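Survey of secondary and tertiary structure
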Amino acid sequence: MSIELGQCRLVYRQYFPFWEKLTDEQRELLCANTGEFSYKKGTNIHGTSGNCTGAIMVISGTLRAYLLSENGKEITLYRYRPGEVCMLSASCVLRSITFDVIIDAEEDSSVYIVRGDVMAKVAEDNLFVANYALDNAVARFSDVVWVMQQIMFFSLDKRIAVFLWDEFSRTGSDTLSLTHEQIARYISSAREAVTRMLKYFAAEGIVELSRKGIKISDREKLRELATGE
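By convention here, each chain's residues receive numbers from 1 onward along its written sequence. A pLDDT threshold of at least 70 governs which residues receive local features in this predicted model, and a stricter bar of 80 or more applies before side-chain atom pairs are shown or counted, although totals over entire chains, interfaces and linings include all residues. The basis for every side-chain value is the complete set of non-hydrogen atoms in the structure, without hydrogens or water.

**Some remarks on the sheet that holds strand β11 (residues 213-216)**
Our working definition: Here, strands pair whenever DSSP counts at least two bridges between them. Only runs of H or I of at least four residues qualify as helices and only runs of E of at least two qualify as strands under DSSP, and these elements are numbered from the N terminus.
Taken in spatial order, the 3 strands of this open sheet run β9-β11-β10, and their pairing is antiparallel. In this open sheet, the two edge strands, each paired with only one partner strand, are β9 (175-176) and β10 (207-210). Relative to β11, β9 runs antiparallel, the two being bridged by 2 bridges. Opposite Thr175, over in β11, you have Lys215 as the bridge partner.

Put into structure tokens, the structure is as follows:
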């Protein structure tokens, strides 16, 4: 369901810097092909059908982008949160992208989606839109490189510490409502290995483990382990 023109103007000014660089015709075309959607936790949004979904703007909730190997192993690349835009789901806009990124709703989420073929058409005619799409993708590739560096070069204890510290920094809470399975998926490790390491962290007084999640007991120790400082 497309959103009305007045709401569309507000949405595009919030999410896209190129709104003022569009022609009236391009604005009307994008607005007529931008819809608002809600997804339940765990719902696949992009990547399993082979279609060019389009640009996804996150209103609420969190989306997870990941790669899936032939043997079913997941590698989490990054997460999209409110106010962020996913362009890797618009492969018809970024034709140089040849790998399949899968995007799921990590929480109950609401998003705006611009149809991929329409976004591609506007990008062909408007350099500002094309540049935005490219810049957005390049910024995310930096995140991908960071993930790959962790997988290839960081020990498991450091990878878990970095993840926990990042979550603490993001949420501001010492208690993280995450399962061992979720953490394993995020850092591309085995759940059993994550559980063993978290038990070691608990024995060292860095965290406390419970059914509710993980509580950071010693921020300084965790920070030192995550940053090496």
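**Some thoughts on the sheet that holds strand β4 (residues 63-68)**
We count it as follows: Between N-to-C directions, angles cover 0 to 180 degrees, with each direction set by a line fitted to C-alpha atoms, over the stretch in contact for helices. We call two residues in contact when some of their heavy atoms are within 4.5 Å.
Strand order in the open sheet formed by 4 strands is β2-β7-β4-β5, and the pairing between neighbours is antiparallel. Where the open sheet ends on each side, the last strands, each with one partner, are β2 (44-46) and β5 (74-80). Within this sheet the neighbouring strands show an average axis-to-axis angle of 35°, counted without direction. Of the pairings in the sheet, the one linking β2 to strand β7 (residues 102-105) comprises 2 bridges and is antiparallel in character. Looking across to β7, one finds that His46 is bridged to Ile103. On the sheet, helix α4 (residues 127-153) packs against β4 and β5 and is oriented at approximately 140° with respect to β5. Helix α6 (residues 180-187) rests against β4 and β5 of the sheet, and its axis sits at about 95° to β5.

**Regarding the nonpolar core**
Where we set the bar: Among buried residues, the Ala, Val, Leu, Ile, Met, Phe, Trp, Tyr and Cys ones that are joined through side-chain atoms within 4.5 Å form a nonpolar core. Relative accessibility under 20% of the residue-type maximum defines a buried residue, over 50% an exposed one, and the middle range a partly exposed one, all with a 1.4 Å probe and only protein chains included.
Counting residues in each nonpolar core, the largest one holds 28 residues, and the members touching the most others are Tyr12, Phe16, Phe18, Leu30, Met87, Val93 and Met119. Elements supplying a minimum of two residues to this core: α1 (5-15), α2 (24-32), β3 (54-60), β8 (109-115), α3 (116-125) and α4. The biggest single contributor to this core is α3, with 5 residues. Sequence-distant contacts of Leu30, that is, excluding residues within four places in its chain, are made with Tyr12, Phe18, Leu22, Val114, Val118, Met119 and Val122. The next biggest cluster of nonpolar side chains, apart from the first, holds 25 residues, and it includes Phe163, Leu176, Ile183 and Ile206.

Limitation: the analysis is restricted to geometry and does not speak to function.
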